[in-house]
Amino acid sequence: MAIERTLSIIKPDGVEKGIIGKVIARFEEKGLKPVAIRLAQLSKAEAEGFYAVHKARPFFADLVKFMTSGPVVLMVLEGEGAVAKNREIMGATDPAKAAPGTIRKDFATNIEKNTVHGSDSPENAKIEVSYFFPEVQIHAYEWKK
Ligand code: CMP
């Protein structure tokens, strides 16, 4: 399978709960390497732009409010089939429906405070990675040399 990159966000509830290290460990244990990491306080405009695809959804305003309520960890994860693998490790959007052993099952509070975001397709991963990280801030690993 091809080496891919995907965008991962540890949401304000994950940062608040003090589980940044635990979440990153889940990714590393399954072969996803962080190749860029940044702690950020998103502005309203940044959160609205990032989630623009959900603009018409009834939860949009609350989603933006929550994502700007405290710091988040923005990460680019790299590895074989990183987009699908990240989604597998995260579990279903609604933690009540997430499989045992997934991040959302183990740490999330509800569908809004669901601890992590991950790109849902390779196409969106490219868009989302470039939304937060210029190429120059993403670091290469052995396997790409
Ligand atoms: P995320 O993967 O970040 O993408 C959009 C987010 O909207 C989603 O995770 C949820 O945290 C949030 N959200 C809040 N309510 C809903 C809902 N009813 N359906 C889907 N997503 C929701």
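Everything quoted here is computed from the prediction, not taken from an experiment.

Draft legend 1. Highlighting the nonpolar core. Counting residues in each nonpolar core, the largest one holds 21 residues, and the members touching the most others are Ile-9, Met-67, Phe-132 and Phe-133. Mapped by element, the contributors of at least two residues to this core are β1 (3-10), β2 (33-40), α3 (44-50), α4 (60-67), β3 (72-80) and α7 (122-132). For this core, the element with the highest residue contribution is α4, accounting for five residues. Sequence-distant contacts of Phe-133, defined by excluding residues within four places in its chain, comprise Leu-7, Ala-36, Ile-37, Arg-38, Leu-74, Met-75, Val-76 and Ile-138. Of all hydrophobic cores here, the second largest spans 16 residues; its members include Phe-27, Leu-32, Ala-82 and Ile-89.

Draft legend 2. Up close: α4. Where α4 is concerned, the buried positions are Phe-60, Leu-63, Val-64, Phe-66 and Met-67. Down the axis of α4, the smallest arc covering the buried residues is 165 degrees, so these residues share one side. Exposed positions of α4 whose direction lies more than 90 degrees from the buried face are Ala-61 and Lys-65. On its buried face, α4 sits against β1, α1 (12-16), α3 and β3.

Draft legend 3. Representation of the pattern of salt bridges. For the structure shown, the criterion picks out six salt bridges. Across the pair Arg-5 and Glu-78 runs a salt bridge, and its minimum N-O distance is 3.0 Å. Here Glu-78 lies in strand β3 and Arg-5 lies in strand β1, a separation of 73 residues in the sequence. Taking relative accessible area as the criterion, Arg-5 reaches 23% and is therefore assigned partly exposed. For Lys-17, the salt bridge is made with Asp-13, and the minimal N-O distance between the two is 3.6 Å. Overall, the relative accessible area of 5% leaves Asp-13 in the buried class.

Draft legend 4. Local environment of the site of the ligand. Around the ligand, the neighbouring residues are Lys-11, Tyr-51, His-54, Phe-59, Leu-63, Thr-93, Arg-104, Ile-111, Glu-112, Asn-114 and His-117. Within the contact set of the ligand, an oxygen atom lies 2.5 Å away from a side-chain nitrogen or oxygen of Tyr-51. In the environment of the ligand, an oxygen atom lies 2.9 Å from a nitrogen or oxygen atom belonging to the side chain of His-117. Contact with the protein chains removes 78% of the 460 Å² of surface that the ligand exposes when unbound.

Draft legend 5. Geometry of the sheet that holds β3. An order of β2-β3-β1-β4 is seen for the four strands of this open sheet, with the pairing classed as antiparallel. Sheet topology places β2 and β4 (116-118) at the edges, where each strand pairs with a single neighbour. Direction aside, the axes of adjacent strands within the sheet are offset by 20 degrees on average. Strand direction decides the pairing type here: β2 and β3, joined by seven bridges, are antiparallel. Looking at β3, one finds that Pro-34 is bridged to Leu-77. Taken strand by strand, α7 contacts β1, β2, β3 and β4, and its axis lies near 60 degrees from that of β1.

Conventions adopted
- Residues numbered from 1 in each chain as written.
- Predicted model: local features only at pLDDT ≥ 70, side-chain atom pairs only at ≥ 80, totals over all residues.
- Heavy atoms only, no water.
- Core = buried A, V, L, I, M, F, W, Y, C linked by side-chain atoms within 4.5 Å.
- Buried < 20%, exposed > 50% of the residue type's maximum accessible area, 1.4 Å probe, protein only.
- Helix = DSSP H or I, 4+ residues; strand = E, 2+ residues; numbered from the N terminus.
- Contact = heavy atoms within 4.5 Å.
- Arc of directions from axis to C-beta.
- Salt bridge = Lys/Arg side-chain N within 4 Å of Asp/Glu carboxyl O.
- Near = heavy atom within 4 Å.
- Polar contact = N/O pair within 3.5 Å; in protein donor to acceptor, adjacent residues only side chain to side chain.
- Areas by Shrake-Rupley, 256 points an atom, 1.4 Å probe, with all protein chains shown as cover.
- Pairing = 2+ DSSP bridges.
- Axes fitted to C-alpha atoms, helices over the stretch in contact; angles between N-to-C directions.

These results come straight from atomic positions and should not be treated as a statement about function.
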